Amino acid sequence: MPRLTDKSMQVASIRGMQAFKFSATKVEKLGATEYTLATVAVDVTGSVSGFEAELKKCLKTAIASLKKSPRSDNMLVRVILFSTAFAGGIEEIHGFKPLTEIDPDSYPDLYPGGGTPLYDACFSALGATNTYAKQLMDQDFLVNGIVVVVTDGDDNASSATTKMLRKEMDRGRQGEEIESLIGIAVGINAQNFRPRLELLESEAGMQYIDAGDATASKLAKLANFISQSVSSQSQSLGTGGPSQNIAATI
Amino acid sequence: MKILHADHYFQIGSLHYQKGLPCQDFALSGANAVRACAIISDGCSSGRHTDIGARLQALSLLRAMKGRINSPLVDANSGQIISEKSAEIMKSSSELLGLSQTDLLSTAVYAYLQNDRAILHLEGDGVIARKYKDGRIVANLYEWIDNIPIYPAYAGNLESFLSAHGGDLNSLRFRRSTYVLDTAGESEESHELSLGEAISGVTEFLPKDEMDEIEILSVFSDGVAQIEGVKWTDAVREFLSFKNFEGEFLKRRMMRAIRDFEKAGSKPSDDISGAVIRITDQKEEE
């Protein structure tokens, strides 16, 4: 569930599944002309137990690195965790906020547990991006989006389907409600699930990248990948299409 | 108590872009608790480094306005005082930079507000528009016949300028097209002024009682009248159709409106610039 951390935030429902909610900075509080909506969704199910501290470090590093991007004033970042241990399967660390208002050092420790509502997490990330993008585009802002979902396992507890994810990805391709949308699923320690996770590519239209084992080095590279990909997508804002410079491997 | 906001925007037109020329429009704005300004300057295409001239013009005006911090309230003479001070600043800075008059040929169009009174001033061409709290818009497009505007950089040496206009001070060489949008609908009418009437520019003083009715003071370059297939009145109306007012509110509005024009096949052929002051009551802000 979204947490309303201050009065400058609003809560909204995602079109198509009203039970899915997200929080975001109120549109009237935003002053720039354009924004990239970036979402990082992190799997905190039981199977990440053992490398949860490295995963948190990866997340903090990625967000801290984004703050140094020349495009940082034009990014709104949302971070969510997913596991059946959370009510509704999704826990928002924070909704779409300017990077200046995000303190990664305040991110909570991760406590792995529960099953994997992977499609619900993807839907929450993509759907919230599209819903908020439409609100912003209707108010003259130019908006694109990028979603990075980090998982170590296949979906086993979702109400959303790959067809629903495809519909959200297609909204990005149409370019009417959001200029462009990139959806990336990253598998760590997920080699056994690769054929299933590749359905996110073939059925949902997202990109799937197998990052290999959950080593400290790989997770550091993942942090860099997240930061670079978000910056790159932000730099493509205004070109009419998505970034062509997203790395194919980690 | 009034709250003042200001914003500005400028962008290159397709003709200059295609020819590899710089944008020769420039805009500036600023606001504090009691004063606000909105300035645009449009460099002459047939001049030399008039992109620099337009910037110097706008910066000189801004400097002249800042210099009025200890001056009495804005009145009908303030336009002339600001113009004279701006000309002094422009002269000394252009000498330091080794610029010639052909570099400095640029218009000076601005709105300046101080303690609930304002002046609107135009030397050259462009648009001055007001939007009232009740939604009414009154906009004036000022154009010189044969597109030969007067520039502040002439500094009183008007021989060539007058000659280019035929030399007869009584000839009608300056046109004001007035557009009004109100509850009765839209109307537009034109009025021509003589060369003699127009050479000192246009200045309008807005006293407090009129300012109490106004929400937006805006100025635009004549680029608003050169968006292919779009009437200048439609362009101005779109540029003033704000959906929100945080931060870069004019920039956001103009960029979106221009993108929408472009989607419909209408590009700004000339450089385009705009600047606005928004005046709200503190109650509305809350």
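Predicted model only: the values in this text are computed from it and were never measured.

**A few points about helix α9 (residues 249–263) of chain B**
Residues and elements named next belong to chain B.
Here comes step 1: For α9, built from 15 residues, the straight-helix expectation of 21 Å at 1.5 Å per residue is met to within 8% by its first-to-last C-alpha distance of 21 Å.
Here comes step 2: Along α9, the residues classified as buried are Phe 249, Leu 250, Arg 252, Arg 253, Met 254, Arg 256, Ala 257, Ile 258 and Phe 261.
Here comes step 3: Once α9 finishes, Gly 265 follows within two positions and takes phi at roughly 90°, a positive value.

**Comments concerning the confidence of the model for chain B**
Here comes step 1: For chain B, per-residue confidence averages 95 on the pLDDT scale, and residues scoring 70 or more make up 99% of the total.
Here comes step 2: Quick note on the complex model: pTM equals 0.92, ipTM equals 0.88.

**Section: the pairing of strand β9 (residues 185–194) of chain B**
Residue and element names in this part refer to chain B.
Here comes step 1: Where strand β8 (residues 172–182) lies against β9, 10 bridges are found, and the strand directions are antiparallel. Bridging from a neighbouring strand, Tyr 179 pairs with Glu 188 of β9.
Here comes step 2: Between β8 and β9, which pair antiparallel and follow one another directly, the connecting turn spans 2 residues.

**Side note on the sheet that holds strand β1 (residues 2–11) of chain B**
Residues and elements named next belong to chain B.
Here comes step 1: Reading across from one edge, β1-β12-β11-β6-β7-β8-β9 is the order of the 7 strands in this open sheet, with antiparallel pairing throughout. A single partner strand is all that each edge strand has here, and the edge strands are β1 and β9. Going across the sheet, the axis of each strand differs from the next one's by a mean of 15°, ignoring polarity.

**Thoughts on the layout of surface pockets**
All names here are of chain B.
Here comes step 1: Considered as a void within the structure, the largest pocket measures approximately 700 Å³ in volume.
Here comes step 2: Lining of the largest pocket is provided by 33 residues; of these, Ala 87, Glu 123, Pro 152, Ala 153 and Ala 155 occupy positions nearest its centre.
Here comes step 3: The greatest single-element share of the lining of the largest pocket, amounting to 10 residues, is contributed by helix α3 (residues 78–97).
Here comes step 4: By residue class, the composition of the lining of the largest pocket is 15 nonpolar, 14 polar and 4 charged.
Here comes step 5: Estimates place the volume of the second largest pocket at around 540 Å³.
Here comes step 6: Forming the walls of the second largest pocket are 27 residues, and the residues nearest its centre are Ser 45, Asn 147, Tyr 151, Asp 222 and Asp 270.
Here comes step 7: Elements with a minimum of two residues in the lining of the second largest pocket: α1 (14–18), β7 (137–144) and α5 (159–164).
Here comes step 8: Per-element tally for the lining of the second largest pocket: the top contributor is α5, with 3 residues.
Here comes step 9: The residue inventory of the lining of the second largest pocket, partitioned by class, reads 11 nonpolar, 10 polar and 6 charged.

**With respect to the packing of helix α2 (residues 50–66) of chain B against α3 of chain B**
All names here are of chain B.
Here comes step 1: Contact pair α2 / α3: the axes reach a minimum separation of 8 Å and the direction vectors enclose 130°. Comparing their axes, α3 and α2 come out oblique. For α2 against α3, the interelement crossing comes out right-handed. Counting all contacts with α2, which are made through Gly 53, Leu 56, Gln 57, Ser 60, Leu 61, Arg 63, Ala 64 and Met 65, the residues of α3 involved are Ile 82, Lys 85, Ser 86, Ile 89, Met 90, Ser 93, Ser 94 and Leu 97.

Reading guide: rules and limits
Residues numbered from 1 in each chain as written. Chains lettered and ligands numbered in written order. Predicted model: local features only at pLDDT ≥ 70, side-chain atom pairs only at ≥ 80, totals over all residues. Heavy atoms only, no water. Helix = DSSP H or I, 4+ residues; strand = E, 2+ residues; numbered from the N terminus. Expected span 1.5 Å × (residues − 1). Buried < 20%, exposed > 50% of the residue type's maximum accessible area, 1.4 Å probe, protein only. pLDDT = per-residue confidence, 0-100. Pairing = 2+ DSSP bridges. Axes fitted to C-alpha atoms, helices over the stretch in contact; angles between N-to-C directions. 1 Å grid on protein atoms, 1.4 Å probe; cavity = no way out; pocket = protein on both sides within 12 Å on 5 of 7 lines; lining within 4 Å. Points joined across faces, edges and corners; volume = space filled by probe spheres on them. Nonpolar A, V, L, I, M, F, W, Y, C, P; charged D, E, K, R; others polar. Parallel < 35°, antiparallel > 145°, perpendicular 65-115°, else oblique. Left-handed = near helix turned anticlockwise from the far one by under 90°. Contact = heavy atoms within 4.5 Å.

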